[in-house]
Amino acid sequence: MTYDAADTRHTMPFGAEVLPEGGVRFRLWAPDVETVALEIVTGEAAHGLAVTDRQTMVAIGDGWWMLEVPDAGPDTLYRYRLPDGLAVPDPASRHQPFDVHGPSRVVDPDSYAWREEAWRGRPWHETVLYELHPGTFTHEGTFAGIEARLDALAALGITAVELMPVADFPGRWNWGYDGVLQFAPDATYGTPEDLKRLIDAAHARGLMVFLDVVYNHFGPEGNYLHCYAPSFFDAELHTPWGAAIDFTRPAVREFFVHNALFWLEEYRFDGLRFDAVHAIQDPSKEHILDEIARRVRAHFADSGRHIHLVLENDDNAARFLGAPGDRYDAQWNDDYHHILHHLLTDEAHGYYEDYADDPMDRLARCLTEGFDYQGTPSAHRDGATRGTPSAALPRTAFVDFIQNHDQIGNRAMGDRLTTLAPDAAVVAALALLLLAPRPPMLFMGEEWGSPQPFLFHVDFGEDLREPVREGRRGEFARFPGFSDPGACARIPDPFATETHANSRLDWDRRTEEPHATRLRWITGLLETRRTAVTPLIPTLGPAKAERFGPRGLCVTWPDPHGPDLMLVANMGPDPAEIPACAPPTGPALAVVPSGALTALRSGAPLPPWSVVWARSA
């Protein structure tokens, strides 16, 4: 199938499809049951649902079942009844108005009239990402709430909003990574039309919108695939979440390929971020990630749209990455984060132990070659090697950040860097991040230095609550400060209402000091990036780095058309000796603290936590 810019739907081999001539075609892959019935239901979940029609579906081969219902249409509620009497939602449901255990709703993708028909996205080198959690970004916790804040993000200088996963999850809230119905935006955030309206509004403001998708596992509650398609999983392959998804099966591969195409076509997302792909096990001749990239690129080849694909991959596997628009555009660079986090906080437990020795050499390698770990042994992984060479990749293949949902939400207390490091150190790290000629990412609230935690929060059923609580306590018991049972008992309960509420951004703070000053400064940095750095990115040459002192670093990116882009930084708490590199002679782009450039040019020691960005002949 080829892409048509006028399309408002993505046609799939499964799910509920509203037919042009009227009626709905229902299709389900259920290879491990002998019969399947389709039930049409009415009513409200709170007052009970009544079955108005039940028909046996027709087996059409290879585990597929189909039925056309002439009098069904948009908003019809339906579910599937298995031979043992269990009623299950559609795994390709487009909407779950009554949560993951309830019936699915037929959605007509053509019902939303897109306004920004001319939008084709933005080139990758213009990307400034802003990661947000739909349920806590605003007090409303909805797609409409996000839409109301788009002007603020556009004024900040953001070019791409990245939504944490929206796939339907159980309960009232979830931090995002327990989705079980991959095609249905969670109803607590709004309807499919609300999400489309958000994306449309973002495009009207020149903002791209990315979606985080999870293809390595399903959440622990509400996934019914094992009831009628246990062969969707490979019991012999284990992951931290149970049996691995079996990507050797064509129907399983199609499920995820179409999910990627669905979000990009039917919702007009500009890009996808693929969660923890190192946890995907696929022995197939063509890895599922290669197939997704190949088919997405082919599908949109003639569309004129900029489609961006980004990985999270702890393996640092460079082979998946390429030039923008080829394979995957980029990967989240955890190495960069871990190095900066260690430099700013001195933490050296957990995976930070891999970055405690020679952190400035590691930072230099990240800024000039991409990954730090490119095949070297990892102490945190008991000496196993990690990564592959990355120096030949484009500099834009690495998304850098100093905070994100994982690095905050996976801490016991949800601590932001703002509360862990000196303010001068955070300012230096932000200046380093936001003017480097690579895609940067901010986490919601970081632009005004929000001190609020972002806590792990879920709302599973009672049978899962205590195991999850105990699992969290056990996970942190081996970390400093949590070996005592009393300390572990203070870890916020992920099921408590206040845990979710305390993670909501307080937007009133951004107008108060010192947050308002931080916001103005970040806005200025991003404007400098837009005017003075972004235009250089496509043509800058390979970077070269020089070290000085314990925490000093000079990096130069040669510009064939003008003065070079130069960084001089002292990422430590003590003054640094005069660097060996010549001080920049051209105009300064950003200087922190204010006297750093004067010190650099006069031969005085560079102050602690200094970052100078400038052009140099």
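Report on the accompanying structure. Numbering of residues starts from 1 in every chain and runs along the sequence as written. It should be noted that, the model being predicted, local features are given only for residues of pLDDT at least 70 and side-chain atom pairs only at 80 or more, the latter also being counted only at that level, while totals for whole chains, interfaces and linings use all residues. Excluded from the side-chain calculations are hydrogens and water; all other atoms, namely the structure's heavy atoms, are used.

Only DSSP runs of H or I reaching four residues or more are called helices, and only runs of E reaching two or more are called strands; each is numbered from the N terminus. Along its length, the protein chain carries 15 helices and 28 strands. Taking 25 Å as the expected radius of gyration for a compact globule of 617 residues, we find that the protein chain reaches 25 Å, a close match to that expectation. Reported as C-alpha extents along the three principal axes, the dimensions of the protein chain are approximately 85 × 60 × 50 Å. Within the protein chain, buried positions represent 61% of all 617 residues. Taking all contacts inside the protein chain whose residues are at least 6 apart in sequence as the whole, residues at least 24 apart take part in 71%. Reported accessibility uses the Shrake-Rupley method at a 1.4 Å probe radius. Residues are deemed covered only where the shown protein chains occlude them. Of the roughly 22500 Å² of accessible surface on the protein chain, a fraction of 52% belongs to carbon and sulfur atoms. Taken over C-alpha atoms, the radius of gyration is set against a globule rule of 2.2 Å times the number of residues to the power 0.38. The rule is simple: take the accessible area with a 1.4 Å probe, protein chains only, and divide by the maximum for that residue type; under 20% is buried, over 50% is exposed, in between is partly exposed. By definition, residues are in contact when any of their heavy atoms lie within 4.5 Å.

The next point concerns the pattern of salt bridges. Here, a salt bridge means any side-chain nitrogen of Lys or Arg that lies within 4 Å of a carboxyl oxygen of Asp or Glu. Scanning the model with the defined rule gives 48 salt bridges in all. The shortest N-O distance in the salt bridge between R81 and E39 comes to 2.9 Å. With R81 in strand β7 (residues 77–81) and E39 in strand β3 (residues 37–44), the pair connects residues that are 42 residues apart, well separated along the chain. In this structure R81 comes out as partly exposed when scored by relative accessible area, which is 23%. We classify E39 as buried; its relative accessible area is 0%. Here D459 makes a salt bridge to R172, at a shortest N to O gap of 3.0 Å. Residue D459 is found in the loop between β23 (441–443) and α11 (462–476), and its partner R172 is found in the loop between β12 (167–168) and β13 (181–185); the two are separated by 287 residues along the sequence. With a relative accessible area of 8%, D459 lands in the buried category. The structure contains a network of salt bridges with shared partners spanning R253, E254, D282, E291 and R295.

Attention shifts here to the sheet that holds β23. Criterion used throughout: strands pair if DSSP finds at least two bridges between them. Judged by pairing direction, the sheet is parallel, and its eight strands sit side by side in the order β22-β19-β18-β17-β14-β11-β10-β23 without closing on themselves. Taken across any chain shown, the strands that pair with only one partner, and hence form the sheet edges, are β22 (398–399) and β23. Where strand β10 (residues 129–132) lies against strand β11 (residues 160–163), four bridges are found, and the strand directions are parallel. Among the inter-strand pairings, L129 is bridged to a residue of β11, identified as A160.

Right, let's talk about the packing of helix α7 (residues 334–345) against helix α10 (residues 423–435) for a bit. Comment: axis = line fitted to C-alpha atoms, over the contacting stretch for helices; angle = value between 0 and 180 degrees taken between N-to-C directions. Contact pair α7 / α10: the axes reach a minimum separation of 10 Å and the direction vectors enclose 155°. In terms of axis orientation, α7 runs roughly antiparallel to α10. With respect to the hand of their crossing, α7 and α10 are arranged in right-handed fashion. Along its contact with α7, which presents Y336, L340 and L344, the element α10 presents A425, V426, A429, L432 and L433. Under the scheme applied, nonpolar residues are Ala, Val, Leu, Ile, Met, Phe, Trp, Tyr, Cys and Pro; charged residues are Asp, Glu, Lys and Arg; polar residues are all the others, including Gly. Residue classes in the contact of α7 with α10 are distributed as eight nonpolar, no polar and no charged. In what follows, roughly perpendicular refers to angles from 65 to 115 degrees, roughly parallel to angles under 35, roughly antiparallel to angles over 145, and oblique to any angle outside these ranges. Should the near helix be turned counterclockwise from the far one by less than a right angle, the crossing is left-handed, whereas a clockwise turn marks it as right-handed.

A few words now on the sheet that holds strand β24 (residues 544–548). The five strands lie next to each other as β24-β25-β26-β28-β27, forming an open sheet whose pairing is antiparallel. Because the sheet does not close on itself, it has two edges, and the strands there are β24 and β27 (588–592). Averaged over all adjacent pairs, the angle separating strand axes in this sheet is 15°, with direction ignored. Here six bridges tie strand β25 (residues 552–557) to strand β26 (residues 564–570), and the two strands are oriented antiparallel to one another. Within β26, the residue paired with W557 across the bridge is L565. Contacts from α10 reach β26, β27 and β28 (610–616), with the element oriented near 30° to β28.

Comment: phi is negative for the bulk of residues other than glycine, and the bulk of peptide bonds are trans. In this chain, E513 is followed by P514 through a cis amide linkage whose omega measures 5°. With an omega of -15°, the peptide bond between V592 and P593 qualifies as cis. Non-glycine residue D358 carries a positive phi angle of around 50°. Structurally, D358 is set in the loop between α7 and α8 (359–369). With a phi angle near 55°, D382 is a residue other than glycine that sits in the positive phi range.

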